[in-house]
Amino acid sequence: MQIRLIAIGRSMPDWIARGWHEYARRMPPAIDLELIEVVPPRATGGDERRREGDALLARCPASGVRIALDERGAAWSTRELAQRMDDWLMQGESVSLLIGGAAGHSPELAAQCSARWSLSALTFPHMLVRVIVAEQLYRAWTVLSGHPYHRG
């Protein structure tokens, strides 16, 4: 199964890159976790959110699950994320997790996603979200595999 974290932005600080790579390398061979950075579209007038949404969707495969990381989305527990991951694995679906820019996601992008996932009621820097998502995906996998990493 392939999980793509598709994010607006580029040039992660070293500490973010190290955090991302640490959790991505821990994933089992059955789960290919990939980060795709999307250069923010130039501001040439029009709706910034729509342009960013179009750029994110252009990097998604034609089929598979699309999930927008959105502060207005549903908060998933670790066990709920693990159950979703188990479903994705069983169905053999690719998953695209979409992180927008500072303005958030456009309604057009949200309409093309099967879910909206909120990591917290707090606001996180977009770069840090990459590390949080990678760690949570690793944690969900450890729940499924019975690994002692998650003790909750």
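The shown structure was predicted, so the numbers you read here are calculated from the model rather than taken from an experiment. (Residues numbered from 1 in each chain as written. Predicted model: local features only at pLDDT ≥ 70, side-chain atom pairs only at ≥ 80, totals over all residues. Heavy atoms only, no water.)

A. Focus on the pairing of strand S3 (residues 65-75). Sheet analysis places S3 next to strand S4 (residues 95-99), joined by four bridges and oriented parallel. What sits directly across from Val65, in S4, is Val95. Remark: the S3/helix H3 (residues 78-91)/S4 crossover connection has right-handed handedness. With five bridges connecting them, S3 and strand S5 (residues 115-118) associate as parallel partners. Each bridged residue has a counterpart across the sheet, and for Ile67 the counterpart in S5 is Ala115. (Pairing = 2+ DSSP bridges. Helix = DSSP H or I, 4+ residues; strand = E, 2+ residues; numbered from the N terminus. Right-handed = clockwise from strand over helix to strand, strands pointing away.)

B. Just the state of the cysteines, in detail. One pass over the structure, following the stated rule, counts zero disulfides. There is no disulfide at Cys113, and the cysteine sulfur nearest it, in Cys60, is 7.1 Å away. Exposure remark for Cys113: the relative accessible area of 13% places this residue in the buried category. (Disulfide = S-S within 2.5 Å. Buried < 20%, exposed > 50% of the residue type's maximum accessible area, 1.4 Å probe, protein only.)

Nothing here speaks to function; it is geometry throughout.
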